[in-house]
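Structural description and commentary
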Amino acid sequence: MDSKTDTDKYYTPPSVAIQAFERARLADSPYICADTACGSGSLLTAAESVLKTKYCLGIDSDSHAIRQLRRARPDWRLYVGDLLQRHRAPVIDFPESNRGVDLLVLNPPFSLGSKKYVSVKYLGQVVKCSVAMAHILHSLELFKPNQGAIAVVPESLLYSDTDQHARDLLDQRFSLTELLQLSIYTFKGARVNSSFVQFGISRNRRNLENESASAYLDAIPANVVRGGLQMHAFERMVCGARVIHSTSLRDIAAKGFSSVGEKTSVITKGRISGWMLLLPRVGTPKVENLRAVYSKEEVQLSDCVIGIKFPSKIAAINSQKRLMENWESLLGLYRGTGARYITIDRLIGWLFGIGIHDESAMKESWCPTLG
Ligand SMILES: C[S@@+](CC[C@H](N)C(=O)[O-])C[C@H]1O[C@@H](n2cnc3c(N)ncnc32)[C@H](O)[C@@H]1O
C-alpha cells in the first residue's frame, strides 16, 4: 500500500472476503476464528456467514475501531493492542469450548514505513521479513490455529527475497494456496497487487512440484544467467560485447544478434554465448519474443534480462517449446506490488517443474528426490 506512515486501515470489502472464503478448503467448520488486525471486522463477519464460525476473537491497534466493533458485536472478544508486541494470546474462554483457535483470518498491515524489514521470532528462529509476513508469523506463533490461516497478502510476500526465509519456515508446516487474486482497486485509497491465500495444514507442495516435473521425463540441462549491466552506468563503445536490454528482445527474436548495435567494454556478470533463450527479468514477457538464438561471441546481458544457456541447438529449441507450452504459468511468475518481475530462484524452480534443470542449482542438490 502506498501510504508511508499510516497503519493500513484498508478494510476488506465484505463481498471480497465472502468470495475468498467460499473458495477455502477446510476439513471442518472453524469453530473459533481470530483476526489479529480485525479493523471493522469484515473478515470475522465473513467467517461467520460463509464458514459457519461460532466464536470470534479480534485484536487491533486502533482503539477507535475496537470501540465501534464492541458496540456492534458485543458477543465477540475484542482487544486493543499492537499484535507484534504481544507475548501471548488472550485467554480463549468461549462457552462450551476448551479448545484453541481453529482458523486465523487476517488482512495484516503491509506498510514498512522507512524500514527495510522487521524481525520476528518464529519456530525458535529470528526471522527478518516484511511487516505483513511478521504479522502472519507472530499470529501463527501466538494462536497455533489447528486449521491454519486465510490471509490477504501483498504479492511481494509470495515471491520477494525479503520473505524467502519466512516462506521456507512456513513451508515446513503449511501448504500455500492462492484463493483469489485481488484487483489493485480492491482497497479504497491503496493500489497494490494482493491476493487472498490459504495456509493449509495438510498438503505437501514438494510432492506436487515433483509430480509436475515427471510430465517431462527427459531433463534438459541449462544454465540460468542473470544479467548484470546497469543500463544507465555504461559507456557505449564501437567495439566490445553486444549489450542485450529487454527492449532488444523483439529484434533479436526477429533478426538475431546482429540487430543489436550497442556495445560495451565493461565486463560484469551476465556474459553469455552459445545457444540460449532470453527473458525479461522486469516487465511482462511476450511469447513472440521467445526464440532459441545463437551467438558465437559473448554478449553482455543488462540487469533487466535473464539468459538461459543450453549445450546444443536441439536443447534450446525443445526448451523454447516447453516454455511456450507452459506460457500462462510462466507469466504467473512475474509478480510484484509495483513493476512485475521474476526472481532467479523462482524461475529456476519453475524450469525444474518443466524438466529444464539449472546445472548450478543441481550441483547444490536442492532437488535430490526426483527420479
Ligand atoms: C488492512 S486493515 C485490515 C482490517 C480488517 N481485518 C479487514 O480486512 O477489513 C489492517 C488493520 O491492522 C491494524 N493494525 C496495524 N498495525 C497493527 C498492529 N501492529 N497490531 C494490530 N493491529 C494493527 C490497523 O488498525 C487496521 O485495522
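Just above, that's the structure.
How each quantity is defined
Residues numbered from 1 in each chain as written. Predicted model: local features only at pLDDT ≥ 70, side-chain atom pairs only at ≥ 80, totals over all residues. Heavy atoms only, no water. Helix = DSSP H or I, 4+ residues; strand = E, 2+ residues; numbered from the N terminus. Buried < 20%, exposed > 50% of the residue type's maximum accessible area, 1.4 Å probe, protein only. Contact = heavy atoms within 4.5 Å. Axes fitted to C-alpha atoms, helices over the stretch in contact; angles between N-to-C directions. Parallel < 35°, antiparallel > 145°, perpendicular 65-115°, else oblique. Left-handed = near helix turned anticlockwise from the far one by under 90°. Nonpolar A, V, L, I, M, F, W, Y, C, P; charged D, E, K, R; others polar. 1 Å grid on protein atoms, 1.4 Å probe; cavity = no way out; pocket = protein on both sides within 12 Å on 5 of 7 lines; lining within 4 Å. Points joined across faces, edges and corners; volume = space filled by probe spheres on them. Polar contact = N/O pair within 3.5 Å; in protein donor to acceptor, adjacent residues only side chain to side chain. Near = heavy atom within 4 Å. Areas by Shrake-Rupley, 256 points an atom, 1.4 Å probe, with all protein chains shown as cover. Pairing = 2+ DSSP bridges. Salt bridge = Lys/Arg side-chain N within 4 Å of Asp/Glu carboxyl O.

**Brief notes about the overall build of the chain**
The helix and strand tally for the chain stands at twelve helices and 16 strands. Residue burial in the chain is summarised as follows: out of 371 residues, 51% are buried. Considering only contacts in the chain between residues 6 or more positions apart, those separated by 24 or more positions represent 70%.

**Considering the packing of helix α4 (residues 131-143) against helix α6 (residues 164-171)**
Each packed pair of helices is defined by two parameters, the angle between the axes and the distance between the axes. Across the interface, α4 lies against α6 with an axial gap of 11 Å and an inter-helix angle of 30 degrees. Classed by the angle they form, the pair α4 and α6 counts as roughly parallel. Pair α4 / α6 crosses with left-handed handedness. Together, Met133, Leu137 and Leu140 of α4 and Ala166, Arg167 and Leu170 of α6 make up the contact between the two elements. For the contact of α4 with α6, a count of residues per class yields five nonpolar, no polar and one charged.

**Focus on empty space enclosed by the protein**
Scanning the model with the defined rule gives one cavity of 30 Å³ or more in all. Taken as a whole, the largest cavity spans an internal volume of roughly 50 Å³. Forming the boundary of the largest cavity are Leu249, Ile252, Ala253, Leu277, Leu278, Asn289, Arg291 and Val293. Contributing elements (two or more residues each) for the lining of the largest cavity: α8 (249-255) and β13 (271-280). Among the elements that make up the lining of the largest cavity, the one with the highest residue count is α8 (three residues).

**Remarks on the side chain of Ser42**
Mapped onto the elements of the fold, Ser42 is located in helix α2 (residues 42-51). Engagement of the side chain of Ser42 in a polar contact is seen with the backbone oxygen of Thr12, the distance being 2.9 Å. Not counting residues up to four positions away in its chain, the partners in contact with Ser42 are Thr12, Pro14 and Ala17.

**Here's the deal with the site of the ligand**
Taken together, 21 residues form the shell around the ligand, and within it Asp8, Thr12, Ala37, Asp60 and Asp82 come nearest. Thr12 places a polar side-chain atom, nitrogen or oxygen, 2.4 Å from an oxygen atom of the ligand. Here Leu83 contributes a backbone N or O atom positioned 2.9 Å from a nitrogen atom of the ligand. The protein chains hide 96% of the 600 Å² of surface that the ligand would expose on its own. For the shell around the ligand, the class distribution of residues is seven nonpolar, nine polar and five charged.

**Re α2**
Most of α2 is tucked away: seven of the ten residues are buried. Buried residues in α2 make contact with α1 (14-22), β1 (32-35), β2 (55-60), β4 (103-106) and β9 (194-200). Immediately beyond the C-terminal end of α2, within one or two residues, lies Lys52, with a positive phi of roughly 65 degrees.

**So, the sheet that holds strand β3 (residues 77-80)**
Overall, mixed pairing links the seven strands, which are arranged β3-β2-β1-β4-β7-β9-β8 in an open sheet. Pairing within the sheet leaves two strands with one partner each, and these edge strands are β3 and β8 (175-182). On average, each strand axis in the sheet is inclined to that of its neighbour by 25 degrees, with strand direction left out of account. As judged from the seven bridges shared by β8 and β9, these two strands associate in the antiparallel manner.

**Observations regarding the pattern of salt bridges**
Under the criterion given, the structure shown has six salt bridges. Note that Glu48 is salt-bridged to Arg73, the shortest N-O span being 2.8 Å. In this pair, Glu48 is assigned in helix α2 and Arg73 in the loop between α3 (63-72) and β3, connecting sequence segments 25 residues apart. For Arg271, the salt bridge identified is with Glu298, shortest N-O distance 3.9 Å. Remark: Glu298 occurs in strand β14 (residues 293-301) and Arg271 occurs in strand β13; sequence separation between them is 27 residues. Look at Glu298 and you get partly exposed, because its relative accessible area is 43%.

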